[in-house]
Structures are given as structure tokens and as C-alpha cells.
Amino acid sequence: MKKIDELPENVGRIVIAGHIHPDGDCVGSCLGLKNYLSVIRPRAQVDIYLEKFSEDFGFLQGAGEVCHELPEREPYDVAFVLDCSDTERLGDAVKYFTAAKRRICIDHHITNEGFSDENIICPDASSTCEVLYSLMEDSFVNRAVAECLYTGIVHDTGVFKHSNTKEETMRIAGRLITKGADPSYIIDETFYKKTFAQNKALARALDTAELWLDGAVIGSVITEKDFEELGIGSGDLDGIVDQLRVTDGVEAAVFLYEAPEGKCKVSMRANGSVDVSRIAREFGGGGHVKAAGCTVSGGWREIIDQIAGRIAEQLEH
Ligand code: 5GP
Ligand code: MN
Ligand code: MN
């Protein structure tokens, strides 16, 4: 498939799914595709399945119609899987994907090995939303689609500051503004706005951060005790690792939080020579060269030691 418009005119039932713990690119791409399909294939029945996501994305058209439960359904004619690098990251939606007659993955993760039948994976693209725009006919991109895609690009580029921001990213973002996306609303409301509790969590993580490997790496942990004391949930920790990364002199930032079942969620960011996608993959996760993550069983101290060891190995070479 080179363009979404190649879908048969009479396509019947379509499901769209993204990755677990949906982020801005995941929500933006799923809703953006649904809104686009409602323009080019208005008779198709399109369901979106995603885990619960931030209410900040509630203004995007179709956000209220996303299914968070997975009722039994007849196999779909087409399953689109967006911003998802492997079937494990699909969570429960894997059952719709497996049963679907046609399966198409659109993604930008370098660790995506092409698990679908049809794979459109562009590791150089800033975001799945950027890939998706390149598969759309510009004349059918309306304001609803533009708002979704712009949101995804803003989130995966950290508001156009990460190294994945290319000329093409800015060109597409500019085009989406022309189509009606409101940059200051989307950037403030979905990216920079923080609740009081989220700011407290950021403060805790910065206050307890440590430098390792002679200042080459910064790391911080939010423990179960912190969750209780601050009255926060795991959804309140977005952006912490990005703030750690901009510490002067560090090559990499590692942020962990204690997750249920004796596991820790690890987020990593790199500035220079470290490839964090390699480390994440080794621990069963994935992502990009400069932004990757994994969920690892065990206590945070031992996980930190192991990850710091892997970073040290890369810095030595
Ligand atoms: P974050 O650190 O913001 O959770 O994720 C950074 C990047 O790594 C994202 O592109 C995300 O999709 C990817 N990532 C994070 N955690 C995991 C994981 O457990 N498995 C895989 N495959 N990718 C992950
Ligand atoms: Mn994502
Ligand atoms: Mn993405």
C-alpha cells in the first residue's frame, strides 16, 4: 500500500489499534486515520480500540467513540496497527489483529521487525502521524485530521526539539496548520499543561536524581511510596525523562517507576553516542536510538545497575 486511498471502495469493517499506554502519537494517528477514513470511505464501519488515554486529547474528533473494552466481534476485514513496534505492545487488541483478514502496520520504530503482513515502517520519520500524512491525499485532509496528526507530531518531537525533527516534519506540520490545527492550543493544552500533582512528581524526580558514570548519565526513580505520598498515578510521569535529559553534560537519562507485579517501567533518552534502543531491546522493550523504554521484572536498584552497566559498555567503545 502506497496510499490509504488504495483501500477498496467497498471496504467493510475496519479496526484501528495502537500501543498500550497510548501517547500523543498513538492517539493522534489512530484518530487521524479514522477521521480520514470517514472522508474517503464514509460507508466503512471503523472501530478504534485503545487503552484509556489522557483527557487532554478529548478535544480531538472521535476521541469519545474510542472503545476501551474488547467485545467479541466477527473478524474485521482490515486491521490497522499504528505506532506499535511489536504484538506484545498491542495488548488485548492483538486478538482483533490476529483474526483480521488484512493486517497493515504503520509505524516509525527502528525496533519494529515487521510483524504484520503489510508493514509501512519509516524509522527516519518523526512520528507515526508523519508517516500517515505521507500516505494521505492532501486534498482530503480536513481540520479534524490535521488536529490529530499535528498533535502526534508535537508529542513525538517534544514540540519540534528532538533530533527526529526534520525539514519534512516542519513542512508537514506547517501544512497541518494551514488545514486548521491550532499550534498554541494543541501545544499548551496537550503537552506543556501539567496538573499540580504532575509538577510535584517532576519536582520529586529532579530532587532525588543522581549522576552516574562520572556525570555521563542521570537517573531517577519514582517508587510506590512516592506514588502514595504524592497521590499520583503512572500517567502523571510523562516528560520527566525529557527534563532529566537536558541536564548539562549528560550522555543519557534513565527514569524508572515501580509498576505492579514487581516490575519497573524504564524510560531512556540519549543525547550523544549512546543507542538506547539497543539496551531497551535487550531488556524486552524497544523504541528509537535516542528514546526507548522497557518494562523489567525486579527491584529498581538492580535494574539501574544493569542498565548503567550497558550504558558504560557503549561509552567505552
Ligand atoms: P517512553 O520512554 O516515552 O515510554 O518511550 C520512548 C519510546 O520507546 C517510545 O517510542 C515507545 O514506543 C518505546 N517504548 C517504551 N517502552 C517500550 C516497551 O516496553 N516496549 C517497546 N517495544 N517499546 C517501548
Ligand atoms: Mn507512541
Ligand atoms: Mn510514535
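Each value, and the rule that gives it
Residues numbered from 1 in each chain as written. Chains lettered and ligands numbered in written order. Predicted model: local features only at pLDDT ≥ 70, side-chain atom pairs only at ≥ 80, totals over all residues. Heavy atoms only, no water. Helix = DSSP H or I, 4+ residues; strand = E, 2+ residues; numbered from the N terminus. Rg over C-alpha atoms; globule rule 2.2 N^0.38 Å. Buried < 20%, exposed > 50% of the residue type's maximum accessible area, 1.4 Å probe, protein only. Contact = heavy atoms within 4.5 Å. Areas by Shrake-Rupley, 256 points an atom, 1.4 Å probe, with all protein chains shown as cover. Phe/Tyr/Trp six-rings, centres within 6.5 Å; stacked < 30°, edge-to-face > 60°. UniProt positions renumbered as here; feature names shortened; annotations may be inferred. Donors = N, O, S within 2.8 Å, 3.2 Å for Na, K, Ca; no water.

Trainee: How do you make sense of the overall build of the protein chain when you look at a structure like this?
Mentor: On a plain count of helices and strands, the protein chain comes out with eleven helices and eleven strands. Compactness check: the protein chain gives a C-alpha radius of gyration of 19 Å against a globular reference of 20 Å for 317 residues, within 12% of the reference. Along the first, second and third principal axes, the C-alpha atoms of the protein chain reach 60 × 40 × 40 Å. Counting the 317 residues in the protein chain, one finds 52% classified as buried. In the protein chain, 65% of the contacts between residues at least 6 apart in sequence involve partners at least 24 apart. Accessible surface, the protein chain: about 14500 Å² in total, of which carbon and sulfur atoms supply 47%.

Trainee: Any chance you could explain the packing of aromatic side chains here in plain terms?
Mentor: Each aromatic ring pair is characterised by the separation of its centres together with the angle its planes make. In this structure the tally under the stated criterion is six aromatic pairs. Aromatic pair Tyr76 and Tyr96: ring centres 5.4 Å apart, planes at 75°, arrangement edge-to-face. Note that Tyr76 is positioned in the loop between β2 (45–49) and β3 (78–82) and Tyr96 in helix α2 (residues 94–99), a separation of 20 residues in sequence. When its relative accessible area of 2% is taken as the criterion, Tyr76 is described as buried.

Trainee: Teacher, can you tell me more about the environment of Gly58 here?
Mentor: Position of Gly58 relative to the elements: it lies in the loop between β2 and β3. On the basis of relative accessibility, which here comes to 47%, the residue Gly58 falls in the partly exposed class. For the pair Gly58 and Thr190, spaced 132 residues apart in the sequence, the C-alpha separation amounts to 9.7 Å.

Trainee: Would you take a moment to explain the UniProt feature "domain: DDH" (unreviewed entry) in the protein chain for this structure?
Mentor: As annotated in UniProt, the feature "domain: DDH" (unreviewed entry) corresponds to residues 13–153 in the numbering used here. End-to-end, the C-alpha atoms of residues 13–153 are 28 Å apart, and along that stretch the chain is 29% helix and 18% strand.

Trainee: What's the story with the coordination of the manganese ion (ligand 3) in this structure? I'm lost.
Mentor: Tetrahedral metal sites with four donors have an ideal angle of 109.5 degrees; octahedral sites with six donors have ideal angles of 90 or 180 degrees. In this structure, Asp25 (OD), Asp83 (OD), His108 (NE2) and Asp156 (OD) serve as the protein donors to the manganese ion (ligand 3), at separations of 2.1 to 2.2 Å. Between the manganese ion (ligand 3) and the manganese ion (ligand 2), both coordinated by Asp83, there is a metal-metal distance of 3.7 Å. Linking His108 in the loop between β4 (102–107) and β5 (118–121) with Asp156 in helix α4 (residues 143–156), this pair joins segments that are 48 residues apart in sequence.

Trainee: Even after reading the chapter, I still don't get the UniProt feature "domain: DHHA1" (unreviewed entry) in the protein chain, so can you show me in this structure?
Mentor: UniProt annotation of "domain: DHHA1" (unreviewed entry) refers to residues 229–298 when read in the numbering used here. Spanning residues 229–298, this segment combines 21% helix with 36% strand, and its end C-alpha atoms are found 22 Å apart.

Trainee: When you look at unusual backbone geometry in this model, what are you seeing that I'm missing?
Mentor: Glycine aside, a negative phi is what most residues show, and trans is what most peptide bonds show. At His21, a position not held by glycine, the phi torsion is positive, near 50°. Among the secondary structure elements, His21 is positioned in the loop between β1 (13–17) and α1 (24–40). Unusually for a residue other than glycine, Leu213 sits at a positive phi of about 50°. Looking at the element boundaries, Leu213 is found in the loop between β6 (210–212) and β7 (217–222).

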